[in-house]
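# Coordinates in review
So the chains spell out like this:
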Amino acid sequence: MPASFTITVSTPVGPVAVAVERKRVKNLNLRVHRDGSVSLSIPLRAPRATAEGFLARRAGWIAEHLVRARMRRERDDGQDPGTIPLWGKTVPHDGSPAEERYRTAMLERLPEAARRAEERSGIHAARWQVRIMKTRWGSCTPGRRSIRINGMLAAYPPACLDYVCLHELAHIMEPSHNARFHRILDGLLPENREVARLLRQPAREIAREA
């Protein structure tokens, strides 16, 4: 059995590569590091399937801690407090609460983004809403065909909003993050993994490089 390997986990914030290492430990130890990397230590004789099952069950926890790590980096990165990232660019901060500014920006842009995504996919939601969420960029209730988009997504480039809209529409067809879901999403947006990686970076870094 290899001493180390990588497992890609489907999480609410997109696919995440987890570095797995066999060590002289009794329990599985999962860590999300400050730089956004994720590692898992497992006992020397533990099979790969044990790690895969554990990570699948902890997908929500991984997503939550990745978002927290990103927020800590944004808070501590020394950026000008008089600016704010908006749609992937740095703009002056008007002094209003960031959450409210992002929510307003999302309410303005979501209807057109949702229309494009429905037209592209051929899948239609009964309801689109904007919410401020701590650990998810979007969520879907397939039975009601109801989709919620995180207003904080307005900090990122518009391509990220398009990706999340298509991601949630795909959940109407397949509720779980299984192989069928990823086949659907790959068909709708072949570059979805590249866009999902943007959402694991601090929005300020992306805006600074734009």
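Residues numbered from 1 in each chain as written. Predicted model: local features only at pLDDT ≥ 70, side-chain atom pairs only at ≥ 80, totals over all residues. Heavy atoms only, no water.

## Some words on helix 4 (residues 158–173)
As a reminder of what qualifies: In this text, helices come from DSSP runs of H or I with a minimum length of four residues, and strands from runs of E with a minimum of two, each type numbered from the N-terminal end. Given a helix with a known number of residues, its expected span is that number minus one, times 1.5 Å. Only protein chains enter the accessibility calculation, which uses a 1.4 Å probe; a residue is then buried when its area is under 20% of its type maximum, exposed when over 50%, and partly exposed in between.
A rise of 1.5 Å per residue sets the reference length of helix 4, with its 16 residues, at 22 Å; its end C-alpha atoms lie 24 Å apart and thus fit the reference within 8%. Here helix 4 has its buried residues at Cys160, Leu161, Tyr163, Val164, Cys165, Leu166, His167, Glu168, Leu169, Ala170, His171 and Ile172.

## A closer look at the packing of aromatic side chains
Rules: Ring geometry is summarised as follows: Phe, Tyr and Trp rings, the Trp one being its six-membered ring, pair when their centres sit within 6.5 Å, and such pairs are stacked at plane angles under 30 degrees, edge-to-face over 60 and tilted between the two.
Summed over the entire model, instances satisfying the criterion amount to one aromatic pair. For the pair Trp137 and Tyr156, a centre-to-centre distance of 5.3 Å together with 70 degrees between the ring planes defines the contact as edge-to-face. Of this pair, Trp137 sits in the loop between strand 7 (127–131) and strand 8 (138–141) while Tyr156 is found in the loop between strand 9 (146–150) and helix 4, placing the two residues 19 residues apart along the sequence. Taking the relative accessible area as the measure of exposure, Trp137 reaches 4% and is therefore buried. Looking at Tyr156, the relative accessible area reads 1%, which means it is buried.

## Focus: the pattern of salt bridges
Our working rule: Any carboxyl oxygen of Asp or Glu within 4 Å of a side-chain nitrogen of Lys or Arg constitutes a salt bridge here.
Inspection of the entire model under this criterion finds eight salt bridges. Arg115 is the partner of Glu112 in a salt bridge, and the nearest nitrogen-oxygen pair spans 2.6 Å. Separated by three residues within a single helix, Glu112 and Arg115 lie in helix 3 (residues 98–121), roughly one turn from each other. Residue Glu112 is classed as partly exposed on the basis of its relative accessible area, which comes to 37%.

## Comments concerning the packing of helix 3 against helix 4
To keep things clear, this is the line we draw: Note on geometry: axes are C-alpha line fits, over the in-contact stretch for helices, and angles between N-to-C directions span 0 to 180 degrees. An angle counts as roughly parallel when it lies under 35 degrees, as roughly antiparallel when it exceeds 145, as roughly perpendicular when it falls between 65 and 115, and as oblique in every other case. When the near helix sits turned anticlockwise from the far one by under a right angle, the crossing is termed left-handed; a clockwise turn instead gives a right-handed crossing. The criterion used for residue contact is that any of the two residues' heavy atoms lie within 4.5 Å. Residues are sorted three ways: Asp, Glu, Lys and Arg are charged, Ala, Val, Leu, Ile, Met, Phe, Trp, Tyr, Cys and Pro are nonpolar, and all the rest, Gly among them, are polar.
Across the interface, helix 3 lies against helix 4 with an axial gap of 9 Å and an inter-helix angle of 55 degrees. The orientation of helix 3 with respect to helix 4, classified from their angle, is oblique. Like other packed secondary-structure pairs, helix 3 and helix 4 cross with a definite hand, here right-handed. Between helix 3 and helix 4, the residues in contact are Met106, Arg109, Leu110, Ala113, Ala114, Arg116, Ala117, Glu118, Arg120 and Ser121 and Pro158, Leu161, Asp162, Cys165, Leu166 and Leu169, respectively. Split by residue class, the contact of helix 3 with helix 4 holds ten nonpolar, one polar and five charged.

## Section: the environment of Val91
Mapping Val91 onto the fold places it in strand 6 (residues 89–92). The spatial distance from the C-alpha of Val91 to the C-alpha of Ala207 is 9.0 Å, given a sequence separation of 116 residues.

## A few points about the state of the cysteines
What counts is decided by this rule: The disulfide criterion is simple: two cysteine sulfur atoms within 2.5 Å.
This model, assessed by the stated rule, comprises zero disulfides. No disulfide involves Cys140; its nearest neighbouring cysteine sulfur is the one of Cys165, lying 11 Å away. Of the residues examined, Cys140 reaches a relative accessible area of 17% and is grouped as buried. With no disulfide of its own, Cys165 lies closest to Cys160 among cysteine sulfurs, the gap being 11 Å.

## Observations regarding the sheet that holds strand 7
Across a sheet, strands are paired by hydrogen bonds formed along the backbone, either parallel or antiparallel in direction. The line we're drawing: When DSSP finds two or more bridges between a pair of strands, those strands are recorded as paired.
The sheet built from three strands is open, its strands ordered 7-9-8 with mixed pairing. A strand with exactly one partner marks an edge of an open sheet, and here the two such strands are strand 7 and strand 8. Taking each pair of neighbouring strands and ignoring which way they run, the sheet shows an average axis angle of 20 degrees. With four bridges connecting them, strand 8 and strand 9 associate as antiparallel partners. Across the sheet, the residue bridging to Gly138 is Ile149, located in strand 9. Along the sheet, helix 3 contacts strand 7 and strand 9; its crossing angle with strand 7, the most-contacted strand, is approximately 150 degrees. Sitting on the sheet, helix 4 is in contact with strand 7, strand 8 and strand 9, with an inclination near 155 degrees to strand 9.

## With respect to the nonpolar core
What counts here: Buried residues of nine kinds, namely Ala, Val, Leu, Ile, Met, Phe, Trp, Tyr and Cys, make up a nonpolar core once their side-chain atoms join them within 4.5 Å.
Residues Leu40, Leu55, Met106, Ile149, Leu153 and Leu161 are the most contacted members of the largest nonpolar core, which totals 62 residues. Of the residues forming this core, the biggest block, nine residues, is contributed by helix 4.

## Description of the sheet that holds strand 3 (residues 29–32)
The strand order across the open sheet formed by four strands is 1-2-4-3, and the pairing between neighbours is mixed. At either margin of the open sheet sits one strand with a lone partner, and together these are strand 1 (4–11) and strand 3. With strand direction ignored, the average angle separating the axes of adjacent strands in the sheet is 25 degrees.

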